[in-house]
2 protein chains.
Amino acid sequence: MLRPSARQYVVARPVYSEDAFAQEHEKIYRQRKTPLDHLRLFFTCNSKRAKNAALSLLPIIQWVKIYQIKEWLLSDIVSGVSTGLVAVLQGLAYCLLASLPVRYGLFSAFFPVVVYFFLGTSRHISVGPFPVLCLMIGSVVTRLVPDTGPPAVNITGFEGLTRDEQRVIVAASVNFLTGIMQLGMGIFQVGFVVMYLSDTLVSGFTTAAAVHILVSQLKFVLGLTVPGLSGPLAIIYTLESIFGQISSTNICDLVTSLIIMVVVFVVKEVNDRYKAKLPVPIPIEVIMTVIACGISYALDFRNRFKVDVVGHIPEGYQAPSAPNLHIFQETAVEAFPMAIVGFAVAFSVAKVYSVKHDYTIDGNQELIAFGTSNIVGASFNSFAASTALSRSAVQESTGGKTQVAGLLSAIIVMVVTLSLGFLLDPLPKSVLGAVVIVNLKGMLMQFRDVVYLWRRDRPDCVVWVGTCLASILLGLDLGLAAGLGVELLSVVIRAQFPRCSVLANIKGTDIYRDRKDFLSIYEPEGVKIFRIPAPLFFANIDFFRSKLVEAIGFSPLRVLRKRNKALRMIRKLLKKGDLKWSAKGFANSSCGPMHDSGDDDEKNLEDLDLPMDFKDLPIKIDWNSELPANISVPRLELHSLVLDFSAVSFLDISALKSLKTALKELIRVEVDIYIVACDTYILEKFHGCAFFDDEVHPSMFYVTLHDAMLHILEKHPESKTEKMLYHDEKVMTTVTVHHPMGRGGSLRSRDKMVPDPETKF
Amino acid sequence: MLRPSARQYVVARPVYSEDAFAQEHEKIYRQRKTPLDHLRLFFTCNSKRAKNAALSLLPIIQWVKIYQIKEWLLSDIVSGVSTGLVAVLQGLAYCLLASLPVRYGLFSAFFPVVVYFFLGTSRHISVGPFPVLCLMIGSVVTRLVPDTGPPAVNITGFEGLTRDEQRVIVAASVNFLTGIMQLGMGIFQVGFVVMYLSDTLVSGFTTAAAVHILVSQLKFVLGLTVPGLSGPLAIIYTLESIFGQISSTNICDLVTSLIIMVVVFVVKEVNDRYKAKLPVPIPIEVIMTVIACGISYALDFRNRFKVDVVGHIPEGYQAPSAPNLHIFQETAVEAFPMAIVGFAVAFSVAKVYSVKHDYTIDGNQELIAFGTSNIVGASFNSFAASTALSRSAVQESTGGKTQVAGLLSAIIVMVVTLSLGFLLDPLPKSVLGAVVIVNLKGMLMQFRDVVYLWRRDRPDCVVWVGTCLASILLGLDLGLAAGLGVELLSVVIRAQFPRCSVLANIKGTDIYRDRKDFLSIYEPEGVKIFRIPAPLFFANIDFFRSKLVEAIGFSPLRVLRKRNKALRMIRKLLKKGDLKWSAKGFANSSCGPMHDSGDDDEKNLEDLDLPMDFKDLPIKIDWNSELPANISVPRLELHSLVLDFSAVSFLDISALKSLKTALKELIRVEVDIYIVACDTYILEKFHGCAFFDDEVHPSMFYVTLHDAMLHILEKHPESKTEKMLYHDEKVMTTVTVHHPMGRGGSLRSRDKMVPDPETKF
């Protein structure tokens, strides 16, 4: 009964094995849902579900109903205009990453936004180009349509097109395919896969992406002509090429970029510091771009300093076109990581804002929204809809309340596309490069995570470094796959090398702790308590078995074989009449020691592993007593082994089989096994997988460790003699030992009861 | 104290929080070994270690010393001769898998065996060609040197060589590289990686390999000319090619093969059944081959039936040659899975025999042995040293005691190579193909594993099927990688969707079980016990948090925000004088309900997530009492939440951060958190990772669930009122409810105390 008097823990109840417990406390029968039931439930259709499904497909219906025109519209307009200006600039700049004419960046900041307006569940993210995704598209584009020479593969429909036109088709087709993948994942409700992209992985991956972006922009900042490379080690070759021609740097480009970088960097810091005081952050990037544009036009940078400028941007949009199926085939492997990365980043940004502003977003609907955005966008030659963190931050911080702000930003972009594009003509590409590089600050700052993780959690640090290095060296798609592999492996490794320990009772309590950690402990003779501190599965079951053998100090299989050999010999001697059985025990008829002739040593080797069979012998032999005819077998002090299963959260079939073998070997040498604190579901699994048989009984399960111990003490009253454990003297001198309860015992030297695995056999 | 009287569980001790426990039971200070210590230990050198290292590098020294010439030599000779005959035959047959001239198969059954004789630790395996490995080599060989046309890549050193010579160079070079990898793994002691190849994975993989082997041998059995293909879907194209020309089947080949297959199959079954009675299994394959050879010679199969025969085998060995470095580059990715598979299979076979015959084998030394065997063998143009299960079974079952038998089998092979090769000239290749196919029986029988696994363990079944399908369709190397990925994912998934449960006290005990499972339970008001039944890491922490919110029935962050908003309003009203504080409580000065104007709703949104700050208020507000000015905030019945951490075996940094956020939110709405049964190492990790701060205290840890509960009951005496839980009526009627202890309570309808997450907010 619960008697919480004076902070005392008092319990009096019967000792429970799992069987006894189940008998006394009958379980309520609960019907479990089968996978079929889940499926049926999933496909059940009624009017409410149908209405909900329809509503969830068009989230705009829900938020338009609650749109507070008076309070929200003004904020949305301010936010929309600010975001629109940034979107124009980023659209142009990120186009350089994708190795496409800048015009298409404006498309990407328009079409996806409009589609997302209707389908998206996040109210605060700014949809459009995302630098990492642009870079991934750029790597496909330069692989299929290199800077020099013919396209890498023969693609139907490329005949008679310019290099840029070919590239646009490649980018649009890849984007279309990405959209199909996202839409498919959304429809099949598998958005949960982004769960596997842990924060650590994403941090390592985006840091690597930032390095790639930095390197890819160097050529614009330095005004060099560097071929776009892709594939493993491309970054090394690119750097090689850049440093090979570093002497031909265009000084005008370099100076322009440096000025812009410094100014933008400083003003952004100011924006950050006085966030609370500024009504709207200073749009320094836009201002600097406009100034640079003006100066470049006034001083004629293009002709005077041979600066690479944006050049003529054709006005207006292009008619929609179908994607190229041949390109689908060529890029399927690359489109998948793009679909994942694009969605994962957008979703994580959206999640942050949804928590902040307290509304729910729906992962699968987001997938559908981005998938459709990409498909529609790709038909109009836009690319890579996701979200840029910096742009979303602008939209949210300038007061954006809903995607109305996003729609307005798209309108700003449209105005530029339709009629103001000519103003951008003299803009040096180095300015765009500088803007991209400055925006990398946040991503590159993630390098600090390494130090943090190294101090806190080594495996996570390895995942970060592994993902980052692989993504830098192998490229982003392969790097992501490698990072995922390392991450999954890290989980397995965490579970794989657990610190097994032998427990002992803390005197005067029902608590059991590692026997090496405490002085005032009680360990009955012949009992070992072994704690398994991790789930058991194929990769750690052997490790656990070897630790168990180490803990008990002998190999049960070897002991069993020796006993069976001894049994064989006794049987032979009895048959020959050399040995007689009397009431007092065995008596040798002939004198002198007898030896096993050894001639049948290798015969019927398998029989030695079977349980001992006493049926044709007069008595059951006590192996720890003196044996007749000088037969010697190792003595076992151990009569009971308790396995603490409390931390075993799952068990696979390899572990189950191997565990059964291990237990059988122990049972055959007459060690009683007790499994305690086993999870209900694991117990059910034991029953379902034919774990029990003539030798392994379900009666070995006990509710708690203390229950099993009490049962053992009752069964083996001789064990109650207390036994003090050996402690290293060096340790003793370094700690002060308190025995506040006055129950501390004296210390003896290493107890004889603990068999030494090395000397005994 | 332990009082095991009359099977009663009686405990009386103080209630322990982890802090109290640590104070009363001081821990012994143990110096943990740092990684540096391990490294130092690893590189410590003394004479004993040096001697042991030298000895372990040449295991032959150890077993030669104990070699019992009288008893072992005869067995070894019998075994060696039998194994030698099988080795000759398998050497020839497996060469067909590797798409090489049959002569080189004999080399492979000689050189590696001799090297292994000196370096290997297993006494029973028969080293030499392994069909799966041969097939993998064959796929590299046909990729680089196709049946028709020039080599796939321009390789230096190929000029002026015949196709077969080029292939031999490729095979030898790949093998050399494999050897280097194995040797490297052995030296760096990373043999444990084979641990990741679970039985399930290996079973699925070898079954797929058997299918590949079967398909590859069809052309020999049918006497067709099919180009060797490799890469994804190669098996489909090969089958297409075979069935395209099925009408040109060579009937003589087909009949010969069928006869051989049937006879060998039947006699092998007989061998199996009368294993105990036969002194040596009937070497039926050798007998049939000799007969087929004779008949083919007598009837002149080659010319009369256009049967493809082995043809002239040049006698003697070739001079050693260096591997081709260019091929290393081309095949590095393929050599790695070969190194792993070759070693893993040999090691697992060796392990079985080492357990049976009770000696130890050393994984890393085995890697060194196989690595050296491959390197030396490759220098003499042999390939793919591992072990074939069937051949090892012959060596062990015919009485082989040590590698002396292996050496003798190598001598038999040498005799054939040097002087008897001409006898094999008329042997039809279809006979070899038939022998290979018959030997697949064991591997193909593994298909039965699918049914077994489906019944016992679904995730394992998925791993099997995934590995097998991927290996069949993508090829063995990619398939192995994919299978490994699925396997690692299966471990993560097992840990990822645990069945969280809310526990309740089983009346009259200190035992806590799932409240839905039992009737006679006790659940104090305002207390929830939540069990986390799995390790916490990035992939399941969100799942766990949502389950926790579901269990407690409200979102703490939302409650906190509402309370903070209410606080803001109270403060404003107090300031304006609309609200006055008197000893009795708050009193409205103005009449009528007041509403939050909502104008500062969106301002300082982050402030709402901070802890409530009462410092400028006269009293701490009791949120569950009537609030002034008609302000309403949700009432919380929950005052204490207990998290059962007993099954949390590890915790990564993402989980730690997220857990801290979750706990903070709860603490800020004045819910007391108790974490119970937390592992010592996880507790240390909490301390090491700055988990604790002003709000999250280490005092929340309790030794057992019951300790925490007793503490809570003392702190909240009002909770002691018993509360019966709602149980679904349908459930009630299907079970008989016993209350042997007479403590069962009555049933009420759904308790009001359990807040409904949907209606409340």
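Residues numbered from 1 in each chain as written. Chains lettered and ligands numbered in written order. Predicted model: local features only at pLDDT ≥ 70, side-chain atom pairs only at ≥ 80, totals over all residues. Heavy atoms only, no water.

### Overview of the overall build of chain A
- Scanning chain A from N- to C-terminus turns up 30 helices and 12 strands.
- Looking at chain A as a whole, 53% of its 761 residues qualify as buried.
- Considering only contacts in chain A between residues 6 or more positions apart, those separated by 24 or more positions represent 80%. (Helix = DSSP H or I, 4+ residues; strand = E, 2+ residues; numbered from the N terminus. Buried < 20%, exposed > 50% of the residue type's maximum accessible area, 1.4 Å probe, protein only. Contact = heavy atoms within 4.5 Å.)

### Some details on the pairing of strand β7 (residues 527-531) of chain A
Residues and elements named next belong to chain A.
- Burial analysis of β7 places five of its five residues in the buried class, which makes it a mostly covered element.
- Sheet topology places strand β4 (residues 501-506) next to β7; three bridges connect them, and they run antiparallel. Counterpart to V502 in the pairing with β7 is F530.
- Where β7 meets strand β10 (residues 640-644), five bridges bridge the pair, whose relative direction is parallel. Residue pairing in the sheet places V527 in a bridge with S640 of β10. (Pairing = 2+ DSSP bridges.)

### Re the relation of the copies chain B and chain A
- It takes a turn of 180° to lay chain B on chain A, together with a shift of 0.0 Å along the axis; the resulting RMSD is 0.1 Å. The operation mapping one copy onto its partner corresponds to a two-fold rotation axis. In terms of C-alpha distance to the rotation axis, chain B has B:A647 as its closest residue, with the C-alpha 2.0 Å off the axis.
- Same-surface contact between copies: 100% of interface residues of chain B are shared with the interface of chain A. (Least-squares fit on C-alpha atoms with pLDDT ≥ 70 in both.)

### Thoughts on the interface of chain B and chain A
- Listed by partner, the interface residues are 111 residues for chain B and 111 residues for chain A.
- Interface area for chain B against chain A, summed over the two sides, is near 10,700 Å², with a carbon-plus-sulfur share of 61%.
- Connecting chain B to chain A are 12 salt bridges.
- Counting residues per element, the side of chain B that touches chain A draws most heavily on helix α23 (residues 476-496) of chain B, which supplies 10 residues. (Buried area = accessible area lost by both parts, 1.4 Å probe. Salt bridge = Lys/Arg side-chain N within 4 Å of Asp/Glu carboxyl O.)

### Concerning the confidence of the model for chain A
All names here are of chain A.
- Averaged over all residues, the pLDDT of chain A equals 82, while 90% of them reach at least 70.
- Confidence drops under pLDDT 50 across residues 1-6; counting only partners more than four residues distant or on other chains, this segment forms 14 contacts.
- Note that residues 723-761 has pLDDT below 50 and, in this model, 61 contacts with residues that lie over four places away or in other chains.
- In the predicted assembly, ipTM is 0.82 and pTM is 0.82. (pLDDT = per-residue confidence, 0-100.)

### Some remarks on the pattern of salt bridges
Residues and elements named next belong to chain B.
- Overall, the coordinates contain 54 salt bridges over all chains when judged by the stated rule.
- We note a salt bridge from R531 to D644, for which the minimum N-O separation is 3.5 Å. In this pair, R531 is assigned in strand β7 (residues 527-531) and D644 in strand β10 (residues 640-644), connecting sequence segments 113 residues apart.
- Its salt-bridge partner being D693, residue K664 comes within 2.8 Å of it at the nearest N-O pair. Highlighted residues: K664 in helix α26 (residues 653-668) and D693 in the loop between α27 (680-688) and β12 (701-702), separated in sequence by 29 residues.
- Taking relative accessible area as the criterion, D693 reaches 26% and is therefore assigned partly exposed.

### Re helix α10 (residues 199-222) of chain A
All names here are of chain A.
- Compared with an ideal rise of 1.5 Å per residue, which puts 24 residues at 34 Å, α10 spans 34 Å between its outermost C-alpha atoms and is within 8% of the ideal.
- Bending of α10 peaks at approximately 25° at the position of S216.
- Counted residue by residue, α10 has 19 buried out of 24 residues, so it is predominantly covered.
- One or two positions beyond α10, positive phi appears at G223, with a value near 70°. (Expected span 1.5 Å × (residues − 1). Bend = angle between axes of the 7 residues up to and from the residue.)

### Here's the deal with the environment of A:M261
Residue and element names in this part refer to chain A.
- By secondary structure assignment, the location of M261 is in helix α12 (residues 251-273).
- Sequence separation between M261 and P634 is 373 residues, and the spatial gap between their C-alpha atoms is 79 Å.
- With near-sequence residues (within four places) excluded, M261 lies in contact with V221, A434, I437 and V438.

### Regarding the packing of helix α8 (residues 131-144) of chain B against helix α10 (residues 199-222) of chain B
All names here are of chain B.
- Interaxial distance between α8 and α10 falls to 10 Å at its minimum, and their mutual angle equals 65°. Taken as a pair, α8 and α10 cross one another with a handedness that is left-handed. Residues P131, V132, L135 and M136 of α8 lie in contact with α10, whose contacting residues are F205, A209, H212, I213 and S216. (Axes fitted to C-alpha atoms, helices over the stretch in contact; angles between N-to-C directions. Left-handed = near helix turned anticlockwise from the far one by under 90°.)

### Here's the deal with the packing of aromatic side chains
All names here are of chain B.
- Across all of its chains, the model carries 58 aromatic pairs over all chains by this definition.
- Seen from their ring centres, Y67 and W72 are 5.5 Å apart, and the 90° between their planes marks the pair as edge-to-face. Taken individually, Y67 and W72 each receive the classification buried, so the pair is uniform in this respect.
- On the numbers, 6.3 Å between centres and 80° between planes, the contact of F107 with F111 is edge-to-face. (Phe/Tyr/Trp six-rings, centres within 6.5 Å; stacked < 30°, edge-to-face > 60°.)

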